[in-house]
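Now for the letters of each chain:
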Amino acid sequence: MGADHSSKIVGTVWGLLVLNTLGSAGAQTIVPLPRSLIQMVTMGALVAAFTLALAVNLELRIRPSAYVSLLTLLLVTSVISSANLGSGFGALFRCARLALFVGTLWLLSRWWDGGLTFVRHHIRMYFAVLGSVAAGLVVSPGAALPDLYGGRLVGDLWPLTPPQIGQYAAVIIGLTVLLVLGRRTDRTSAAVVIVPSVILLALTHTRTATLGLLLGLALAIGSLILTSAAARRFFAWAVLCAAVAAVAFSSALQAWFLRGQSQENFSNLTGRAKVWDALLVAPRTTWQQLFGMGMGDKSFGGLPIDNSWLAVYHEQGLIGIALVAAIIIVLGGVALLRPPSLPRACAIFLISYCAIASYTETGLGDASPYLLHLALAASLLAAPAAATPLSTPEAPLRRISQWTRKSEVS
């Protein structure tokens with residue numbers, strides 16, 4: 001199979017993984033879509049991703065990966081916790097989904113070489129998702145900014161919640177900014193991605209995504225300051241602009257941040273703290289403390305948990321928490337040990353963003369965009385491949401993003 005053909009298939013597989021992790025719950029769409037149909041599409045995408053990855057890697061050549069190894073252990077823990085069907089047969093279905101997800105990552109690890117190829121796949125796919133959100137906003141502004149969500153932007157062509165849209169926008173903004181600083185794209189092409197993504201992020205009023213973007217970029221750019229003059233200039237201008245904005249637009253920024261909530265509602269994290277307290281005091285056996293209740297829908301008492309660590313504790317127990325913590329620690333430790341480079345900076349941004357978002361979002365214990373972001377970070381931290389046909393040449397790119405024309409530099 002030709003290298004170019006393999007490259008296209010690998011990009012398609014990554015796109016299918018993104019599609020699978022979009023989920024099936026969200027806002028009401030303009031054209032009502034049955035949840036069963038959405039689940040069929042997302043699960044079909046995962047099955048197709050695994051099948052294509054297997055077809056392009058029939059030799060089952062994989063690269064050692066601490067990240068995917070820890071995910072495999074998390075999968076084993078999930079199966080053990082779900083085997084007693086305490087969470088119903090749906091728990092085994094979720095385990096099967098996670099198994100296909102992890103298996104696909106193992107097959108793709110063959111092409112993880114510390115280069116930026118998968119960063120470009122990541123940006124392309126999420127930019128396409130945001131394009132559907134923007135199209136829905138143009139077609140039906142009322143449905144895209146519903147009162148049910150307090151006027152926050154939702155996906156009305158494909159059901160997406162404000163936090164989802166905010167997450168996707170923040171991630172591709174951060175990665176594209178880093179590509180500009182690393183001179184892997186020109187500013188005009190980057191603006192095509194960044195400007196509309198910033199607008200969509202602002203319309204979602206998503207505080208977690210905004211803080212994750214700002215703090216993640218600060219850490220990533222900080223890792224480049226000693227070796228990149230462009231990073232130093234950008235950091236200085238960003239600090240200056242932030243200081244001016246904080247003074248000139250303090251009231252507007254505060255209103256955007258509070259989203260019309262009272263101080264009391266804001267202090268208990270929009271009611272999340274009550275769910276967290278109830279989850280922590282709920283009686284559990286020793287087995288349930290160690291292995292959890294089994295894979296579920298990330299809710300407790302009918303209310304969303306909205307915290308990755310507590311969701312993992314509830315479903316996969318203390319062992320699950322230890323494995324997720326090991327994932328963050330191992331990836332972060334490897335990133336700190338790598339010499340300064342653009343791939344390392346991108347990895348630091350992704351790891352930081354996922355760690356910050358884990359406080360008010362779930363996803364670190366199941367197939368989700370967050371695990372896909374961390375998989376991208378793992379691919380960026382992989383040692384360059386030896387002189388074997390493991391690395392994927394960059395695919396010929398389209399006009400939508402001139403920044404993707406440049407050659408891959410590991």
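The structure under discussion appears in the preceding block.
In this text, all values refer to a predicted model and were calculated from it rather than measured experimentally.

Cut-offs applied
- Here the residue numbering is sequential within each chain, running from 1 through the sequence in written order.
- pLDDT decides what is reported in this predicted model: residues at 70 or higher carry local features, side-chain atom pairs at 80 or more are listed and counted, and totals for whole chains, interfaces and linings draw on all residues regardless.
- Hydrogens and water molecules were not included; the side-chain quantities draw on all heavy atoms of the structure.
- In this scheme, a residue with accessible area under 20% of its type's maximum is buried, one over 50% is exposed, and one in between is partly exposed, where area comes from a 1.4 Å probe on protein chains only.
- Each helix is a run of DSSP H or I of at least 4 residues and each strand a run of E of at least 2, with the numbering of both proceeding from the N terminus.
- For helices, the axis comes from a line fit to the C-alpha atoms of the stretch in contact; other axes are also lines fit to C-alpha atoms, and the angle between any two N-to-C directions lies between 0 and 180 degrees.
- Here the angle decides the label: under 35 degrees means roughly parallel, over 145 means roughly antiparallel, 65 to 115 means roughly perpendicular, and every other value means oblique.
- Crossings are assigned a handedness: left-handed for a near helix turned anticlockwise from the far helix by less than a right angle, right-handed for a clockwise turn.
- The contact criterion used is simple: two residues touch if any of their non-hydrogen atoms lie within 4.5 Å.
- As a working rule, the residues Ala, Val, Leu, Ile, Met, Phe, Trp, Tyr, Cys and Pro are called nonpolar, Asp, Glu, Lys and Arg charged, and the rest polar, with Gly in that last group.
- Nonpolar side chains (Val, Leu, Ile, Met, Phe, Trp, Tyr) are joined into patches within 5 Å and like charges within 9 Å, using only residues with over 30% relative accessible area and no salt bridge.
- Residue-level accessible areas treat just the shown protein chains as cover; the underlying method is Shrake-Rupley with a 1.4 Å probe.
- A pair is scored as a salt bridge if a Lys or Arg side-chain nitrogen falls within 4 Å of a carboxyl oxygen belonging to Asp or Glu.
- Positive charges come from Lys and Arg alone, negative charges from Asp and Glu alone, with His and the N- and C-terminal ends not counted.
- For this purpose, a charge sits on NZ of Lys, CZ of Arg, CG of Asp or CD of Glu.
- The distinction between a cavity and a pocket rests on a 1 Å grid over the protein atoms alone: a 1.4 Å probe fits inside a cavity but cannot get out, while a pocket stays open yet meets protein on both sides within 12 Å along at least five of seven lines, and a residue with an atom within 4 Å of a point counts as lining.
- Grid points are joined across faces, edges and corners, and a volume is the space filled by probe spheres set on the points.

A. Molecular detail of unusual backbone geometry. One non-glycine residue, Arg 183, lies in the positive phi region at around 60 degrees. Its relative accessible area of 65% is what places Arg 183 among the exposed residues. The residue Lys 298 is not glycine, and still its phi comes out positive at about 60 degrees. Assignment of secondary structure puts Lys 298 in the loop between helix 14 (286-291) and strand 3 (299-300).

B. Seen up close, the packing of helix 3 (residues 66-82) against helix 4 (residues 89-108). Running from N to C, helix 3 and helix 4 cross one another at 165 degrees; their axes reach a closest spacing of 10 Å. Here helix 4 runs roughly antiparallel to helix 3, going by the angle between their axes. Handedness of the crossing formed by helix 3 with helix 4: left-handed. When helix 3 is examined against helix 4, the residues Tyr 67, Val 68, Ser 69, Leu 71, Thr 72, Leu 75, Ser 78, Val 79 and Ser 82 are found in contact with a partner set consisting of Ala 91, Leu 92, Cys 95, Leu 98, Ala 99, Val 102, Leu 105 and Trp 106. Looking at the contact of helix 3 with helix 4 residue by residue, the classes come out as 13 nonpolar, 4 polar and no charged.

C. Local environment of a positive patch on the surface. Residues Arg 183, Arg 187, Arg 232 and Arg 233 make up a contiguous surface patch of positive charge. The residue Arg 183 is located in the loop between helix 7 (162-181) and helix 8 (187-204) in this model.

D. Layout of the layout of surface pockets. In this structure, the second largest pocket encloses a volume near 1,000 Å³. Forming the boundary of the second largest pocket are 24 residues, of which Thr 210, Leu 213, Leu 214, Ala 242 and Leu 253 lie nearest the centre. Looking at the lining of the second largest pocket, the elements with two or more residues in it are helix 7, helix 8, helix 9 (207-222), helix 10 (229-248) and helix 11 (250-258). Ranked by residues supplied to the lining of the second largest pocket, first place goes to helix 10 with 8 residues. When the residues that make up the lining of the second largest pocket are grouped by side-chain class, the tally is 23 nonpolar, 1 polar and no charged.

E. Focus on the packing of helix 7 against helix 9. Packing of helix 7 against helix 9 brings their axes to within 9 Å, and their N-to-C directions diverge by 20 degrees. Considered as vectors, helix 7 and helix 9 are oriented roughly parallel to each other. Remark: the crossing between helix 7 and helix 9 carries right-handed chirality. On helix 9, the residues touching Gly 166, Gln 167, Ala 170, Ile 173, Gly 174, Val 177, Leu 178 and Leu 181 of helix 7 are Ala 209, Leu 213, Leu 217, Ala 220 and Ile 221. For the contact of helix 7 with helix 9, a count of residues per class yields 10 nonpolar, 3 polar and no charged.

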